[in-house]
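Report on the structure
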Amino acid sequence: MATVVLAGGGTAGHIEPALAVGREWIKNHPADKCIFLGTKSGLEVSLVPAAGFELNTIPRVRISRTPSASWLRVPLDLFTSVLSSIKILRKADLLIGFGGYVSAPAYLAAAVTKTPIVIHEANAKPGWANRLGARFTEHLAVAHAVEDGPFAEALLAGLPLRSDVANACVAIGSNWSKARNDAKQRLGFPQDHPLVFIMGGSQGSAAINAVVAQSISIFTDNNLSVLHSVGKLNALPEAVGGYKPVSYVEAMADAYLAADLIIGRSGAVTCSEFRALGRYALFVPLPIGNGEQFVNAASLVEDGRAEVISQAEFTPEFISARLPELLEKASQAPVQGDSQDIHSAEKIVALAEFALKS
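Residues numbered from 1 in each chain as written. Predicted model: local features only at pLDDT ≥ 70, side-chain atom pairs only at ≥ 80, totals over all residues. Heavy atoms only, no water.

**Remarks on the overall build of the protein chain**
- Within the protein chain, the secondary structure is distributed over 15 helices and 13 strands.
- Whereas a compact globule of 358 residues would reach a radius of gyration of roughly 21 Å, the protein chain reaches 21 Å, a difference of no more than 12%.
- Dimensions of the protein chain along its principal axes, counting C-alpha atoms only, are 60 × 50 × 35 Å.
- The burial tally for the protein chain puts 53% of its 358 residues in the buried class.
- In the protein chain, 62% of the contacts between residues at least 6 apart in sequence involve partners at least 24 apart.
- A total of about 15900 Å² of accessible surface is found on the protein chain, and carbon and sulfur atoms cover 55% of it.
- Between the centroid of the 30 positive side chains of the protein chain and the centroid of its 33 negative side chains there is a distance of 7 Å. (Helix = DSSP H or I, 4+ residues; strand = E, 2+ residues; numbered from the N terminus. Rg over C-alpha atoms; globule rule 2.2 N^0.38 Å. Buried < 20%, exposed > 50% of the residue type's maximum accessible area, 1.4 Å probe, protein only. Contact = heavy atoms within 4.5 Å. Areas by Shrake-Rupley, 256 points an atom, 1.4 Å probe, with all protein chains shown as cover. Lys, Arg positive; Asp, Glu negative; His and termini not counted. Charge placed at Lys NZ, Arg CZ, Asp CG, Glu CD.)

Encoded structure:
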């Protein structure tokens, strides 16, 4: 019996692919044990136990994006986090990392304990944690082809889909038009009105929400239905006409299917889930980080299924001027989704099995 540690916490973008791989590993190896590594402040605190997996927490290493006195604590915080990870990995046979602040100390701990490492990079531009981890292993997988660096030779595995999205993709078969209409009906929206799904993200996006708040009349005057996920941390606006705000969307697969147009950030997971079930998207990449969100959506733009604009361009004036054109493009986009990521978890598990044996 093997013990596999999966490191990926903080945001759904790291947790959901890890959960998909964990489920696939247990499906293939029911006698094995999968343990998730996270912190007490990330979404993993709720998502991992809800999925039926054990969660072990380590101290979080906080690194501000701008120079500050907090940087003086980073070496001590990192040392403490690595020590905590070592205690967990000493009893493990394999580490599978998915990037983010949880993975960096885990990779260092695995190097100390000589635990085999497998890394999956979800973004089109690898993050700093996974670039660090790649120094200790050759067992690398990516969701997008990478042009240079160690990930250029990685297994092109795609991005593992959350279970409801993957199941919907399989269940639809070939009748995508009916699936989209049925999803719109399940969400309580009329089938004869275009539906715009605005994704504030699991934590919400203040910038996107602020623009939408000033644009509600634009949507309602155009006789549109709007499903607006504002995020659990934000106040819930008042529902007006066809505008329906919610704190969080539980039935994400239905939301992707039902929407004629999706507006949101272009995180790796969002792009992958949209690719599987969505029709047309306007992506507003997060303006911080290393620019990976601009790159994540590039293939969808090339396929004619998305448009990307900067956050500065996303204004009520933009929505007023471009909304009819965006809806027209959505009506001309392919009605079917793309199942290219449906076997991603299987590919990563196969790579991990090879790493464990070798």
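**Regarding the sheet that holds strand S1 (residues 3-7)**
- The strand order across the open sheet built from 7 strands is S3-S2-S1-S4-S5-S6-S7, with neighbouring strands paired in parallel fashion. Two strands bound the open sheet, and with one partner strand each, they are strand S3 (54-57) and strand S7 (155-156).
- One ladder, built from 2 bridges, connects strand S6 (residues 140-142) with S7; its direction is parallel. Following the sheet pairing, alanine 141 is matched in S7 by leucine 155.
- The sheet contacts of helix H1 (residues 12-28) involve S1, strand S2 (33-38) and strand S4 (94-97), and relative to S2 the element is tilted by about 165°. (Pairing = 2+ DSSP bridges. Axes fitted to C-alpha atoms, helices over the stretch in contact; angles between N-to-C directions.)

**What to know about helix H14 (residues 316-332)**
- The terminal C-alpha atoms of H14 lie 24 Å apart, and with 17 residues this matches the ideal 24 Å at 1.5 Å per residue to within 8%.
- At arginine 322, H14 is bent by approximately 55°, the largest bend along its length, and proline proline 324 sits one to four residues beyond.
- Elements that come into contact with the buried residues of H14 comprise strand S8 (195-199), helix H8 (206-213), helix H9 (216-221), strand S11 (261-264), strand S12 (281-283) and strand S13 (306-308). (Expected span 1.5 Å × (residues − 1). Bend = angle between axes of the 7 residues up to and from the residue.)

**Some remarks on the pairing of S2**
- The buried count for S2 comes to 5 of 6 residues, which makes it a mostly enclosed element.
- As paired strands, S1 and S2 are joined by 5 bridges and run parallel to one another. Bridged to threonine 3 within S2 is lysine 33.
- After leaving S1, the chain enters H1 and then returns to the sheet as S2, a path that is right-handed.
- In this sheet, S3 lies alongside S2 in parallel orientation, the contact comprising 4 bridges. Note that in S3 the partner of isoleucine 35 across the bridge is glutamate 54.
- A crossover links S2 with its parallel partner S3, the connecting element being helix H2 (residues 44-50), and its sense is right-handed. (Right-handed = clockwise from strand over helix to strand, strands pointing away.)

**Examining the sheet that holds S13**
- Ordered in space as S10-S9-S8-S11-S12-S13, the 6 strands form an open sheet in which the pairing is parallel. Two strands in the sheet have a free side with no partner beyond their single neighbour: strand S10 (243-246) and S13. Strand-to-strand twist of the sheet, defined as the mean angle between neighbouring strand axes without regard to direction, takes the value 15°.
- With 3 bridges connecting them, S8 and S11 associate as parallel partners. Considered in S11, the bridge of isoleucine 198 is made with isoleucine 263.
- In the packing of helix H11 (residues 268-277) onto the sheet, the strands contacted are S8, S11 and S12, and the crossing angle to S12 comes to about 170°.

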